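If you want the building blocks of each chain, they are given just below.
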Amino acid sequence: MRPGRVILAALIVTLLAGAAEADAGLRVMSLDQCADQYVLALAPQADLALSTRADDPDAWMRAEALGRRQTRATLEAAVAFRPDVVVRYWGGEPRLLIELARRGVTVLTIDDATDFDGIRGNVRRVAAGLNAGERGEALVADMNAKLARSSRGKQASAQYLTAGGFTAGEGTLINAMFAAAGLVNAANRPGYGPLSVERIALQPALKFVLGFFDQLRSDWRGAGRHPVVRRASRTRTVASLSAAVLTCPAWFAADGVAMMAAKP
């Protein structure tokens, strides 16, 4: 190997080692399952206190969470752990958040993104707060690449349907995922709303994108599990998105887009 390359390789190793040491000295507490995904991806070497749902089946990075410390999102737990940074999406009781602010703890809040620009903003903001800018940009770049590979002209119309019988229209991340996958969203109202069995029976969508059907014990009496719906969607399902893809506005929404775009 040329001397210049040896020096460059040594420099890279030194920088990576320094980044790992910086991570290791940081104490990071996440207050809910979505925050768990962010800290596991952006600060894997840090001293982490994850939520009690970090390794549940509907967590995207559940494998990475195995063996990690888990703690409840309470003031008592935070006082005992003494975090440098706290990351949250929806978690954290009011008195905890007030006390964290009083103590000067950095609190990073993940926004409820409704498009991929919102996700990019989430990743970059949390990454900056965790001194993990390079990891954040790597996540964004990987997401962008997956979206580019999935991009195509508008294809069939499809209806999003959860096991509980809900759909999603304009102003939701699901709608942005439809657009990225080249699907026309059949939902005719903005936001989230119920979709009745009667409507599916009388005016069935050409295609279906199912959500949360992998959670067999949840919404087992929901409209999405009705026999009429099962028959309507049996041969016309474009993709069945797992709860792990859908429970957090994060970079892995692009994996859901790839699933939706894979089937014509």
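What comes next concerns the included structure. All of these numbers come straight from a predicted model, not from anything done at the bench. (Residues numbered from 1 in each chain as written. Predicted model: local features only at pLDDT ≥ 70, side-chain atom pairs only at ≥ 80, totals over all residues. Heavy atoms only, no water.)

Comments concerning the state of the cysteines
Applying the stated criterion to the full structure yields 1 disulfide. For Cys-34, the disulfide goes to Cys-248, at an S-S distance of 2.0 Å. Between Cys-34 and Cys-248, the disulfide has an S-S torsion of 55° and is therefore right-handed. Taken together, the residues Cys-34 in helix 2 (residues 33-42) and Cys-248 in the loop between helix 11 (243-246) and helix 12 (253-262) connect sequence positions 214 residues apart. Cys-248 matches Cys-34 in its accessibility class, with the two residues each being buried. (Disulfide = S-S within 2.5 Å. Helix = DSSP H or I, 4+ residues; strand = E, 2+ residues; numbered from the N terminus. Buried < 20%, exposed > 50% of the residue type's maximum accessible area, 1.4 Å probe, protein only.)

Side note on helix 5 (residues 94-102)
The set of residues buried in helix 5 consists of Leu-96, Glu-99 and Leu-100. Looking down the long axis of helix 5, one finds its buried residues gathered within 105° of arc, a one-sided arrangement. Seen from the buried face of helix 5, the exposed residues on the opposite side, beyond 90 degrees, are Pro-94, Ile-98, Ala-101 and Arg-102. Looking at the buried side of helix 5, the elements it contacts are helix 4 (75-81), strand 3 (85-88) and strand 4 (106-109). A positive backbone phi angle near 80° is found at Gly-104, which sits one or two residues after helix 5. (Arc of directions from axis to C-beta. Contact = heavy atoms within 4.5 Å.)

A look at the pairing of strand 10 (residues 237-241)
With 4 of its 5 residues buried, strand 10 lies for the most part within the structure. Across 4 bridges, the pairing between strand 9 (residues 207-211) and strand 10 is parallel. Counterpart to Phe-208 in the pairing with strand 10 is Thr-237. (Pairing = 2+ DSSP bridges.)

Details of the sheet that holds strand 7 (residues 184-185)
Sheet strands pair via backbone hydrogen bonds, and the direction of the pair is either parallel or antiparallel. The 4 strands are arranged 7-5-9-10 in an open sheet whose pairing can be described as parallel. Since the sheet does not close on itself, it has two edges, and those belong to strand 7 and strand 10, each with one partner. Relative to strand 5 (residues 157-162), helix 8 (residues 173-181) is tilted by about 145°, and along the sheet it contacts strand 5, strand 7, strand 9 and strand 10. (Axes fitted to C-alpha atoms, helices over the stretch in contact; angles between N-to-C directions.)

Concerning the side chain of Asp-58
Along the chain, Asp-58 turns up in the loop between strand 2 (47-49) and helix 3 (62-65). Only 2.9 Å separates the side chain of Asp-58 from the side chain of Gln-33, close enough to count as a polar contact. Every residue in contact with Asp-58, bar those within four places of it in the chain, is listed here: Gln-33, Arg-53, Gln-215, Ala-243, Ala-244 and Thr-247. (Polar contact = N/O pair within 3.5 Å; in protein donor to acceptor, adjacent residues only side chain to side chain.)

So, the sheet that holds strand 4
Ordered in space as 2-1-3-4, the 4 strands form an open sheet in which the pairing is parallel. Looking at which strands have only one partner, the edges of the open sheet turn out to be strand 2 and strand 4. Here the strands of the sheet are splayed against their neighbours by 20° on average, with no regard to which way each runs. Pairing between strand 1 (residues 27-30) and strand 3: 3 bridges, direction parallel. Bridged to Ser-30 within strand 3 is Val-87.

Looking at the nonpolar core
If you look at the biggest cluster of nonpolar residues, it comprises 58 residues, and the most contacted ones within it are Tyr-38, Val-87, Phe-116, Leu-130, Met-177 and Trp-251. Within the second largest apolar cluster, 11 residues are counted, among which are Met-29, Leu-75, Ala-78 and Phe-81. (Core = buried A, V, L, I, M, F, W, Y, C linked by side-chain atoms within 4.5 Å.)

Considerations on the layout of surface pockets
Taken as a whole, the largest pocket spans an internal volume of roughly 360 Å³. Around the largest pocket sit 18 residues that line it, and Tyr-89, Asp-112, Tyr-192, Leu-246 and Thr-247 are the ones nearest its centre. At the level of secondary structure, the elements contributing two or more residues to the lining of the largest pocket comprise strand 5, helix 8 and helix 11. Broken down by element, the lining of the largest pocket gets its largest block of residues, 3 residues, from helix 8. (1 Å grid on protein atoms, 1.4 Å probe; cavity = no way out; pocket = protein on both sides within 12 Å on 5 of 7 lines; lining within 4 Å. Points joined across faces, edges and corners; volume = space filled by probe spheres on them.)

Here's the deal with helix 8
Across the 9 residues that make up helix 8, a large majority, 7, are buried. What helix 8 keeps buried is the set Leu-173, Ile-174, Ala-176, Met-177, Phe-178, Ala-180 and Ala-181. Directly beyond the C-terminal end of helix 8, a positive phi value near 80° is found at Gly-182.

Thoughts on the packing of aromatic side chains
Per the stated rule, a full pass over the model turns up 3 aromatic pairs. Here Tyr-38 and Trp-251 contribute two aromatic rings whose centre-to-centre distance is 5.2 Å and whose plane-to-plane angle is 80°, an arrangement assigned as edge-to-face. One end of the pair, Tyr-38, is in helix 2; the other, Trp-251, is in the loop between helix 11 and helix 12, and 213 residues separate them in sequence. Neither Tyr-38 nor Trp-251 differs from the other in exposure class; each is buried. Look at Trp-251 and Phe-252: their rings are 5.2 Å apart centre to centre, the planes differ by 75°, and that puts the pair in the edge-to-face class. Residue class for Trp-251 comes out buried when judged on its relative accessible area of 7%. In textbook terms, an aromatic cluster arises when at least three aromatic residues are bridged by ring pairs, as seen for Tyr-38, Trp-60, Trp-251 and Phe-252. Sitting above the plane of the Phe-81 ring, Arg-27 keeps its charged end 4.3 Å from the centroid. (Phe/Tyr/Trp six-rings, centres within 6.5 Å; stacked < 30°, edge-to-face > 60°. Lys NZ or Arg CZ within 6 Å of the ring centre and 35° of its normal.)

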